[in-house]
Each structure stands twice: as C-alpha cells, then as structure tokens.
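Breakdown of the fold
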Amino acid sequence: MPNLLINIDHVATLRNARRETFPDPVEAACLCEASGADGIVFHLREDRRHINDHDVARLKQAVRGKLDFELSTNEEIVEICCRTCPELATLVPERREEITTEGGLDVIRRQADLTVTVDRLKKAGIGEVALFVDPDVDQIRVVRDTGASTIELHTGDFANAPAGADQLHEASRIAKAAEFAHECGLIVHAGHGLDYENYRLFSRSVPHVREVSIGFSVIARSIFTGLGVAVTEMARLVKGQDAS
Ligand code: PXP
C-alpha cells in the first residue's frame, strides 16, 4: 500500500491570511503524523505565500516520518533545500501568478537545468529526488536522464475530470504512465487533487504507486471533522482499510 504524505501548506495559508501566528503548520504536521500520515509535504515558494523559512527549520526538527520539500529550481530555494536536507525533494514548476501548481515540469525542454539541480540536491545528501510530471510518456522517458530516482505523476487532470467516461479515460492515462515510469526504473509517486471521492478509482486503476501527496481535500475536510479525523479517514482509504 502507498505511503500517505500530507501537504500542510494550506494551514500556513490560513495563518497568513490574518498575519497571525496560528494555526501553526508544524503543530498540524505533528497531528497528521499522530493520525496516520507517513510523512509531511510542504512547498517553499519563492513568494513565501504560505510556508516560510522559519516553518521549514521547525518542520525539519519536528517531523518524525518522511519530509518532502517541494521546490522550484530557484537558486535561493535550492540552497535552503540543500541545507535542510529532507528525505525527499520534489521539483515542481512554479509561476508567481498561479493559484496552485498547474501542470507538470517540461522535462524535455528543461532537461539541462533540471539535471544541474538534481545533481546539487543529491550532492547535498538528499537521498531521493523526484520530478513532478504530467502522465505523458514522452516527458517520462527523459526523467531518468536528469538523475532523478522518482517521478511524481500529476493527477490534476484526473481529479478535474467529470465522473464517468472522462474520469475513466484520465485514470487509464495515469495507469499507462505509471506502468511506463516503472519500466524505466523510476519510483512512482502521485498527487494533486486526490480526494475522498476520487481516491478509490485512482487506487483501483493505477499500479506501482509507492507514495501519494495529498493536501487540500484533507485540510478542507478538517474544518468539519478536525484534522486528526480527516487524516485518519484518508489514511484508511490509502491503506485499503476503508470498509465502504
Ligand atoms: N503534489 C504536488 C507536486 C503539488 O504541488 C501539490 C499541491 O501543492 C500536491 C501534490 C497536493 O495537491 P492537493 O493539495 O490538491 O492535494
């Protein structure tokens, strides 16, 4: 069964909306781990719109499971990631005007600069480096050449597809991409837009997934259930322990 890593960026988004000191994303991370998460994901963006540098240092101290540092190839952020030395670094595209990460990296066009960054992260002692990529075999084919060990498949199109034929089509596209990535010798992760509704179809359809990264749906549900319950419910789904 895949590992469940919970993205706690949105706890910091809420904190920052009121320029407050609470809710604390580090406290949230500890509660997520106590409630069944195998680790924590955060994205240190260039504009620091949610997680800030102080959060990063505190997360590094507090997280007991796997810590996944999402980042762009921005020089300053790469430097902070190298210093933090998380278990996993996931490279993602970043545009200032986007609301959230939109689409995967263009690995074909950016192979040279991605290769340099992957090398820097590995030389800093980071054991696993992933590239966030659309479920597109042409893109996946070149991931290994950058030195990355891992691919995180972008599940956004699947998550946004209306239930029915369109969603089934997207699920099969991700399944083929996961199969191909596995054949290329890559470790397969997945994430973006996975939720309590679409996860069952995702897990039935897509092979070889070792880790999922889920944020918004869990933090959104936590408003009604509390964070502990929201994480436990998602952990049961991901671990196949859900009764329904
Ligand atoms: N994986 C990556 C690379 C992301 O950028 C995000 C969004 O921050 C996620 C997973 C989690 O997506 P969501 O918050 O929709 O679950």
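Preceding this paragraph is the structure being described.
Heads up: these notes are all about the structure in this document. Predicted model, so just to flag it, every value in this text is computed and none were measured. (Residues numbered from 1 in each chain as written. Predicted model: local features only at pLDDT ≥ 70, side-chain atom pairs only at ≥ 80, totals over all residues. Heavy atoms only, no water.)

**Quick look at the pairing of strand β7 (residues 187–191)**
As a reminder, the rule being used: Buried means the residue's accessible area, taken with a 1.4 Å probe over protein chains only, is under 20% of the maximum for its type, while exposed means over 50%, and partly exposed covers the values in between. Only DSSP runs of H or I covering at least 4 residues are called helices, and only runs of E covering at least 2 are called strands; the numbering of each starts at the N terminus. When DSSP finds two or more bridges between a pair of strands, those strands are recorded as paired.
Of all five residues making up β7, four are buried, and the element is well covered by its neighbours. Looking at chain direction, strand β6 (residues 150–154) and β7 are connected through five bridges and run parallel. What sits directly across from T150, in β7, is I187. When β7 meets strand β8 (residues 209–214), the two strands line up parallel, connected through four bridges. Note that in β8 the partner of A190 across the bridge is V212.

**Examining the side chain of D24**
Applied cut-off: Residues adjacent in sequence count toward polar contacts only when both atoms are side-chain atoms; beyond that, a polar contact is any pair of N or O atoms within 3.5 Å, and within protein one must be able to donate a hydrogen and the other to accept it. Residue contacts are counted whenever heavy atoms from the two residues lie within 4.5 Å of one another.
The topology assignment puts D24 in the loop between α1 (9–17) and α2 (25–34). The exposure class of D24 is buried, given its relative accessible area of 18%. Reaching out from D24, the side chain makes a polar contact with the backbone nitrogen of V26 at a distance of 3.0 Å. Those residues in contact with D24 that sit more than four places away from it in its chain are V11 and R58.

**Looking at the packing of α2 against helix α3 (residues 53–62)**
This is how it is decided: Each axis is a line fitted through C-alpha atoms, taken for helices only over the stretch in contact, and angles between the N-to-C directions span 0 to 180 degrees. Throughout this description, any angle smaller than 35 degrees is read as roughly parallel, any larger than 145 degrees as roughly antiparallel, any in the 65 to 115 degree range as roughly perpendicular, and the remainder as oblique. Take the far helix as the reference: if the near one is turned anticlockwise from it by less than a right angle, the crossing is left-handed, and if turned clockwise, right-handed. For this scheme, ten residues count as nonpolar: Ala, Val, Leu, Ile, Met, Phe, Trp, Tyr, Cys and Pro. Four count as charged, namely Asp, Glu, Lys and Arg, and the remainder, Gly too, count as polar.
One can describe the packing of α2 onto α3 by two numbers: an axis separation of 9 Å at closest approach and a directional angle of 25°. The angle between α2 and α3 falls in the class roughly parallel. Crossing handedness for the pair α2 and α3: right-handed. Residues P25, V26, A29, C30 and E33 of α2 form the contact with α3, whose participating residues are D55, R58, L59 and A62. For the contact of α2 with α3, a count of residues per class yields six nonpolar, no polar and three charged.

**Considering α1**
Filter applied, for reference: Within this analysis, the arc is defined by the directions that extend from the helix axis to the C-beta atoms.
Of the positions making up α1, those classed as buried are D9, V11, A12 and R15. Angularly, the buried residues of α1 cover 155° about the axis, an arc narrow enough to put them on a single face. The exposed residues of α1 that point more than 90 degrees off its buried face are L14 and A17. Buried positions along α1 lie against β1 (3–7), α2, β2 (39–43), α3 and α10 (216–225). Directly after α1, the chain includes R19, whose backbone phi takes a positive value near 45°.

**Section: the packing of helix α4 (residues 75–84) against helix α5 (residues 111–123)**
Their axes nearest at 9 Å, the elements α4 and α5 cross at an angle of 25°. Classified by the interaxial angle, the pair formed by α4 and α5 is roughly parallel. Crossing angle aside, the handedness with which α4 passes α5 is right-handed. Of the residues in α5, those touching α4 at E75, V78, E79, C81 and C82 are T117, R120 and L121. Grouping the amino acids of the contact of α4 with α5 by side-chain chemistry returns four nonpolar, one polar and three charged.

**A closer look at the site of the ligand**
Going by this rule: We call a residue near a molecule or strand as soon as one heavy atom of that residue lies within 4 Å of the molecule or strand.
Close to the ligand lie 14 residues, the nearest being T101, E152, G193, G215 and F216. Separating a nitrogen atom of the ligand from a side-chain N or O atom of E152 is a distance of 2.5 Å. In this structure, G215 approaches the ligand through a main-chain N or O atom, which is 2.8 Å from an oxygen atom. When the residues that make up the shell around the ligand are grouped by side-chain class, the tally is four nonpolar, eight polar and two charged.

**Thoughts on the packing of aromatic side chains**
In plain terms, the rule: Centre distance within 6.5 Å is the pairing criterion for rings of Phe, Tyr and Trp, where only the six-membered ring of Trp is used; planes under 30 degrees apart are then read as stacked, over 60 as edge-to-face, and the remainder as tilted.
Enumeration according to the criterion identifies three aromatic pairs in this entry. For the ring pair F42 and F69, a centre distance of 4.7 Å and an interplane angle of 55° mean the geometry is tilted. You can see F42 sitting in strand β2 and its partner F69 sitting in strand β3 (residues 66–71), a full 27 residues away along the chain. Like F42, the residue F69 is buried in the burial classification.

**Some thoughts on the sheet that holds β2**
Taking strand neighbours around the barrel as the criterion, the eight strands line up as β1-β2-β3-β4-β5-β6-β7-β8 in a closed arrangement whose pairing is parallel. Neighbouring strand axes in the sheet, compared pairwise and without regard to direction, differ in orientation by 25° on average. Along the sheet, helix α11 (residues 227–238) makes contact with β1 and β8, crossing β1 at roughly 150°.

Everything listed is a geometric property; what it means functionally is a separate question.
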